[in-house]
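An overview of the molecular structure
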Amino acid sequence: MTAIYGYPARSSVRAGEAIRLHIASSTPHVYVDFYRWGGSIQHAGSTSWSGAAAPPGQHSADWKWPAYDCPIPSDWPSGVYVAVLQAQPRDGAPALDAREGRLLFVVTPGTPTGRGILYKIPTFTYQAYNTAGGGSLYSSGQVTLRRPGGGVGGPVKGLPDPYDPDSPRQTFAHWDARFIAWMEQNGFEADFCTDLDLDLHEGRHLDDGYQLLLSAGHDEYWTAEPCRNPRQLSTPTWDIAVVEHNPIALRRQHLGSGSD
């Protein structure tokens, strides 16, 4: 039986820069296919690396798995991307939502695009319910962002949704993927970021002329910085739209080094 798991060192990357992926594999080679999951699922590219085994870590500390740097082309559009990790080259279109062999990251714009909507992917909430390493924020006061899972590719706390059991509730597939598909299929263009982009208050995206910060689905865990930073949007008027249930129920502190 083969097993391949992975996670990104950081949950987002600018188009034109490189993202570091951490992968542990029981196979000698790892084949990686990248898909943009938006109005439709689009194959964006592929690569392969030598595989390396690594032991699982604890839920509260960086797993420090083997690292692979992957350049992101400058022409990749902003959006949510899933890396599919396999022991063999791609053969057909795989299911993007799975509890192993997948990792999720967001590509943010390399330069301002002129779009008015900035959609925030709730990676903090995904990680709160991620139980990789034996714990989540419901059993521990601290979890690391540097472990498998977090939207896709890892175990998830919680009972199945009786109205829609096809995917766990606290995953990208269950909430955000469907809203983003509807949005793009109906002509609403947006750029994408994560909680971390706003939390680190690095000026990333906040001076790019957005008029609307959009959150949908289940965006429960926020830190103080994302609540303050939208006020820095350099437009004459701006708004925040929260289209979901259970929004901003709990506030967390981001500790850096991949922990929350």
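Now for a look at the structure at hand.

About the cut-offs
- Residues numbered from 1 in each chain as written.
- Predicted model: local features only at pLDDT ≥ 70, side-chain atom pairs only at ≥ 80, totals over all residues.
- Heavy atoms only, no water.
- Helix = DSSP H or I, 4+ residues; strand = E, 2+ residues; numbered from the N terminus.
- Buried < 20%, exposed > 50% of the residue type's maximum accessible area, 1.4 Å probe, protein only.
- Areas by Shrake-Rupley, 256 points an atom, 1.4 Å probe, with all protein chains shown as cover.
- Pairing = 2+ DSSP bridges.
- Axes fitted to C-alpha atoms, helices over the stretch in contact; angles between N-to-C directions.
- Polar contact = N/O pair within 3.5 Å; in protein donor to acceptor, adjacent residues only side chain to side chain.
- Core = buried A, V, L, I, M, F, W, Y, C linked by side-chain atoms within 4.5 Å.
- Salt bridge = Lys/Arg side-chain N within 4 Å of Asp/Glu carboxyl O.

A tally of regular secondary structure across the protein chain gives four helices and 14 strands. Counting only residues that meet the buried cut, the protein chain has 50% of its 260 residues in that class. When the accessible surface of the protein chain is summed, it comes to about 11,400 Å², and 51% of that surface belongs to carbon and sulfur atoms.

Further remarks concern the sheet that holds strand β6 (residues 67-71). Read from one edge to the other, the open sheet built from three strands follows the order β1-β3-β6, with strand pairing classed as antiparallel. Of all the strands in the sheet, the pair left with one neighbour each is β1 (4-8) and β6. Averaged over all adjacent pairs, the angle separating strand axes in this sheet is 30 degrees, with direction ignored. Direction of pairing for strand β3 (residues 18-25) relative to β6: antiparallel, over a ladder of five bridges.

On to the side chain of H174, then. Secondary-structure assignment places H174 in the loop between α1 (123-129) and α2 (176-185). Looking at H174, its side chain comes within polar contact range of the main-chain oxygen of S167, at 2.9 Å.

Now for unusual backbone geometry. Phi is positive for K64, close to 55 degrees, though the residue is something other than glycine. Residue placement: K64 occurs in the loop between β5 (41-50) and β6.

The nonpolar side chains of a soluble globular protein tend to be buried, and buried together. Of all hydrophobic cores here, the largest spans 22 residues; its most connected members are W37, V80, Y119, I121, F172, I180 and F192. Those elements that provide at least two residues to this core are β4 (29-37), β7 (79-86), β8 (102-108), β9 (117-121), α2, β10 (190-194) and β11 (212-217). The next biggest cluster of nonpolar side chains, apart from the first, holds 20 residues, and it includes I19, L21, V30 and W76.

Moving on: the pattern of salt bridges. A pair can form between side chains of opposite charge whenever their charged atoms are brought close. Taken as a whole and assessed by the stated rule, the structure comprises eleven salt bridges. With a closest N to O distance of 2.9 Å, E184 and R36 form a salt bridge. One end of the pair, E184, is in helix α2; the other, R36, is in strand β4, with 148 residues separating them in the sequence. As a salt-bridge pair, D219 and K120 come within 2.7 Å of each other at their nearest N and O atoms. Of the two residues, D219 is situated in the loop between β11 and β12 (221-222) and K120 in strand β9; the sequence distance between them amounts to 99 residues. On the basis of relative accessibility, which here comes to 0%, the residue D219 falls in the buried class. Judged by relative accessible area, K120 falls into the buried class, the value being 1%.

The subject of this paragraph is the sheet that holds β5. Within a sheet, each strand pairs with its neighbour through backbone hydrogen bonds, oriented either parallel or antiparallel. Spatial strand order, β2-β8-β7-β4-β5: five strands in an open sheet with mixed pairing. The open sheet has two free edges, formed respectively by β2 (12-14) and β5, since each of these has just one partner strand. Neighbour-to-neighbour, the strand axes of this sheet turn through a mean angle of 30 degrees, independent of strand direction. Across three bridges, β2 lies against β8 in parallel orientation.

This paragraph deals with the pairing of β4. Most of β4 sits out of view: seven of its nine residues are buried. The sheet contact formed by β4 and β5 spans nine bridges and is antiparallel. By the bridge assignment for β5, D33 is matched with S46. Where β4 folds back on β5, the antiparallel hairpin that results is connected by three residues. With six bridges joining them, β4 and β7 adopt antiparallel strand pairing. The residue bridging Y35 from the neighbouring strand is V82, located in β7.

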